[in-house]
Amino acid sequence: MLWRAARPVPLPLVATQLRQVTFTDRGKHYDLATYLEVNRVTGLLILKDGRIALERYRLGNTERTHWMSMSVAKSITSTLIGAAIKQHYIASLSDSVTHYVPALAGSAYEGVTVRDVLMMASGARWNETYTDPASDRRRLLEAQISQVSGSTMAVMRSLPRAAPPGTVNNYSTGETQVAAEILRRAVGRPLATYLSERIWSRFGMETDASWWLDSPPPDGVEIGGSGFSATLRDYGRFGLFLLNGGVAAGDSGLPTGWIEEATTPKTLPGGAPLDYGYLWWPGQGGAYAAEGIYGQWIYVNPRAQVVIVVWSAQAKPTGAALVDDWAFFDAVVSALK
């Protein structure tokens, strides 16, 4: 459980609400209503300069609804890694994974660094296919559902090596469970507690939040790649925390330059370009986003001072969005100028 702040950050309304957004995506014209309908959006929050420019709830949701953000949690986990480095719980991104997670010693994670994990470039073989009952992603999910202590790391320990560490990016939710284990061992307390201490209650979130564990307390570890639930406005406040440079209660909770480093494209050691940050998706013009399957987003545009949160209930984990969300985000930024 994450505890709300005693004094939440207010989210006042802009003087003139944003009522219409029109744009073109792949040759087709769309407006706000069509975007909401065809992408099955259940909640939309647009913040400009820390003020609500537009807020919509659909399909039975309200401002009190707590929505599971799926892989948006990956970017939250990444942010906590930054906080742990700031407080010297993690000495360096060059530290070995097995220094923090001895259970992975002798596995494909031997010789892998924290940075490799954040770039999903450990070299461990992984099949992320959500619809394949035999995929590694499904095995990890079943381990999480079993609620047996140590079962998620047993899955990760069983993976063979497919490439040298740091050389190949392969999207893997398993990497984020390794990241969660690194955090849990480094800070010595649950990720939810640490997030509450460093960001959630310090920055000014309005409501309590929750984070799924892979097994019951006290041994359970938060699911680093999904299972985080909060209100639409508090997801928006998390975006504002980043827009504010990671400052909470007058103190910078992240290392200098961390947000830019974590949210911009990387280059693998062999020279291959990587259109991915540290569990964040880079966009155009300095924008970046956390993205989850079925259509969940936190979009942050520092130059425009815009944060957009999207909840969706799409029919398939991936490939069901009829409209490119990035095209919608660009149109919102243009409409707010």
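Basis of the calculations
- Residues numbered from 1 in each chain as written.
- Predicted model: local features only at pLDDT ≥ 70, side-chain atom pairs only at ≥ 80, totals over all residues.
- Heavy atoms only, no water.
- Helix = DSSP H or I, 4+ residues; strand = E, 2+ residues; numbered from the N terminus.
- Buried < 20%, exposed > 50% of the residue type's maximum accessible area, 1.4 Å probe, protein only.
- Polar contact = N/O pair within 3.5 Å; in protein donor to acceptor, adjacent residues only side chain to side chain.
- Contact = heavy atoms within 4.5 Å.
- Pairing = 2+ DSSP bridges.
- Axes fitted to C-alpha atoms, helices over the stretch in contact; angles between N-to-C directions.
- Salt bridge = Lys/Arg side-chain N within 4 Å of Asp/Glu carboxyl O.
- Core = buried A, V, L, I, M, F, W, Y, C linked by side-chain atoms within 4.5 Å.
- Expected span 1.5 Å × (residues − 1).

1. Concerning the side chain of Ser135
For step 1, the next point in the chain: Position of Ser135 relative to the elements: it lies in the loop between helix 4 (114-118) and helix 5 (136-146).
For step 2, the next point in the chain: The exposure class of Ser135 is buried, given its relative accessible area of 0%.
For step 3, the next point in the chain: Reaching out from Ser135, the side chain makes a polar contact with the backbone nitrogen of Arg138 at a distance of 3.1 Å.
For step 4, the next point in the chain: Not counting chain neighbours up to four residues away, the residues in contact with Ser135 comprise Asn127 and Thr129.

2. Examining the sheet that holds strand 14 (residues 296-301)
For step 1, the next point in the chain: Pairing in this open sheet of 6 strands is antiparallel, and the strands run 4-3-15-14-13-12 from one edge to the other. With one partner strand each, in any of the chains shown, strand 4 (51-57) and strand 12 (281-282) form the two edges of the open sheet.
For step 2, the next point in the chain: Relative to strand 15 (residues 306-312), strand 3 (residues 41-48) is paired through 7 bridges, and the arrangement is antiparallel. What sits directly across from Leu44, in strand 15, is Val310.
For step 3, the next point in the chain: Running at roughly 130° to strand 13 (residues 288-292), helix 2 (residues 72-86) makes contact with strand 13 and strand 14 of the sheet.
For step 4, the next point in the chain: Along the sheet, helix 9 (residues 232-243) makes contact with strand 3, strand 4, strand 13, strand 14 and strand 15, crossing strand 15 at roughly 145°.

3. Topic: the pattern of salt bridges
For step 1, the next point in the chain: Applying the stated criterion across every chain yields a total of 13 salt bridges.
For step 2, the next point in the chain: A salt bridge links Glu37 to Arg58, with the nearest nitrogen and oxygen atoms 2.7 Å apart. Here Arg58 lies in the loop between strand 4 and strand 5 (67-68) and Glu37 lies in helix 1 (residues 32-38), a separation of 21 residues in the sequence.
For step 3, the next point in the chain: Linking Asp251 and Arg198 is a salt bridge whose minimum nitrogen-to-oxygen distance equals 3.4 Å.

4. Topic: the nonpolar core
As a rule of thumb, nonpolar side chains are buried together in soluble globular proteins.
For step 1, the next point in the chain: With 82 residues, the main nonpolar core has Tyr109 and Phe228 as its most contacted residues.
For step 2, the next point in the chain: Broken down by element, the residue count for this core peaks at 8 residues, all from helix 2.
For step 3, the next point in the chain: In this structure Tyr109 touches Val97, Thr98, Leu104, Val117, Ser122, Ala124, Met156, Leu159, Arg161, Glu175 and Val178, once residues within four positions along its chain are discounted.
For step 4, the next point in the chain: Among the nonpolar cores identified, the runner-up in size contains 29 residues, and Ala287, Ala327, Phe329 and Val333 belong to it.

5. Quick word on the sheet that holds strand 6 (residues 210-211)
Sheet strands associate in pairs through backbone hydrogen bonding, adopting either a parallel or an antiparallel arrangement.
For step 1, the next point in the chain: In space, the 3 strands of this open sheet follow the order 5-7-6, with antiparallel pairing throughout. Edge positions in the open sheet fall to strand 5 and strand 6, since each of these has one partner strand only.
For step 2, the next point in the chain: Across 2 bridges, strand 5 lies against strand 7 (residues 228-230) in antiparallel orientation. By the bridge assignment, Met68 is partnered in strand 7 with Ser229.

6. Side note on helix 9
For step 1, the next point in the chain: The terminal C-alpha atoms of helix 9, which comprises 12 residues, lie 17 Å apart, in line with the 16 Å expected from a rise of 1.5 Å per residue.
For step 2, the next point in the chain: Burial runs high along helix 9: 11 of the 12 residues are buried.
For step 3, the next point in the chain: Along helix 9, the positions that sit buried rather than exposed are Leu232, Asp234, Tyr235, Gly236, Arg237, Phe238, Gly239, Leu240, Phe241, Leu242 and Leu243.
For step 4, the next point in the chain: Residue Gly245 follows helix 9 closely and has a positive phi angle near 80°.

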